[in-house]
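Examination of the molecular architecture
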Amino acid sequence: MSLTVPNELLDQAKAGEVDDAAFVACVRDSLPYAWSLISDLVQQRDRTGAEFTDNTVPPPDESARGQLLRCLASDAMRGALERHFGVKLAFQNCHRVAVFDPSAVKAHAEFVTARSQILNQQPELVDC
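Residue indices begin from 1 for each chain and proceed along its sequence in written order. Side-chain atom pairs in this predicted model are given and counted only at pLDDT of 80 or more, local residue features only at pLDDT of at least 70, and totals for whole chains, interfaces and linings cover all residues. Hydrogens and water molecules were not included; the side-chain quantities draw on all heavy atoms of the structure.

A closer look at the packing of helix α2 (residues 20-30) against helix α5 (residues 75-85)
Here is the rule we go by: Here, axes are lines fitted to C-alpha atoms. For helices the fit covers the stretch in contact, and angles between N-to-C directions go from 0 to 180 degrees. Secondary structure elements are taken from DSSP: a helix is a run of H or I of four residues or more, a strand is a run of E of two residues or more, and numbering for both begins at the N terminus. Here the angle decides the label: under 35 degrees means roughly parallel, over 145 means roughly antiparallel, 65 to 115 means roughly perpendicular, and every other value means oblique. By the definition used in this description, the sense in which the near helix is turned from the far one sets the handedness, with an anticlockwise turn below a right angle giving left-handed and a clockwise turn giving right-handed. Contacts are residue-level and defined by heavy atoms, with any inter-residue pair within 4.5 Å sufficient. The residue classification treats Ala, Val, Leu, Ile, Met, Phe, Trp, Tyr, Cys and Pro as nonpolar and Asp, Glu, Lys and Arg as charged. All others, Gly included, are polar.
Running from amino to carboxyl end, α2 crosses α5 at an angle of 110 degrees, the nearest separation of the two axes being 10 Å. Taken as axis vectors, α2 and α5 run roughly perpendicular relative to one another. The handedness of the crossing between α2 and α5 comes out as left-handed. Contacts between α2 and α5 pair Asp20, Phe23, Val24 and Val27 from the former with Ala76, Met77, Ala80, Leu81, Arg83 and His84 from the latter. When its residues are assigned to classes, the contact of α2 with α5 shows seven nonpolar, one polar and two charged.

Brief notes about the sheet that holds strand β3 (residues 96-100)
Applied cut-off: Two strands qualify as a pair provided DSSP detects at least 2 bridges between them.
Read from one edge to the other, the open sheet built from three strands follows the order β1-β3-β2, with strand pairing classed as antiparallel. Each having just a single partner strand, β1 (52-54) and β2 (88-92) make up the two edges of the open sheet. The mean inter-strand angle of the sheet, taken between neighbouring strand axes irrespective of direction, is 20 degrees. Looking at chain direction, β1 and β3 are connected through three bridges and run antiparallel. Across the sheet, the residue bridging to Thr53 is Val99, located in β3. Along the sheet, helix α4 (residues 62-73) contacts β2 and β3; its crossing angle with β2, the most-contacted strand, is approximately 130 degrees.

Section: the packing of α4 against α5
When two helices pack together, their arrangement is given by the angle between the helix axes and the distance between those axes. In the contact formed by α4 and α5, the axes pass within 5 Å of each other and the chain directions differ by 85 degrees. The angle between α4 and α5 falls in the class roughly perpendicular. Facing α4, whose interface residues are Arg70, Cys71, Leu72 and Ala73, α5 presents Asp75, Met77, Arg78 and Leu81. Here the contact of α4 with α5 is composed, by residue class, of five nonpolar, no polar and three charged.

See the structure below:
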């Protein structure tokens with residue numbers, strides 16, 4: 001299961017629209033490794049003012065890897081985090097998360113190319 005959904009949030013979803021802040025809190029609480037990694041990258045990008053910053057360190061275990069995969073494979077979760085942090089997210093392999101300033105259109109477009117994905121491949125990451 002991707003998220004541990006509190007009853008209040010489930011009731012809200014059954015009744016209609018879900019509050020973005022409540023959904024973001026659910027993601028934060030359900031996927032702490034993914035949340036921590038993304039929020040740390042956001043802070044790093046904010047501090048440096050760079051167009052983007054990324055993570056190249058594999059997750060410490062399969063549970064953490066699964067959190068990243070679930071979080072970034074979900075359009076709803078990814079979109080909610082992008083709105084919450086005011087960034088654009090990108091993802092390669094099973095761990096390379098990148099956080100882009102929304103104005104860094106060219107850098108983001110390059111990061112998500114097939115060329116960049118291929119150049120990011122490493123033998124030790126074949127089974128990730």
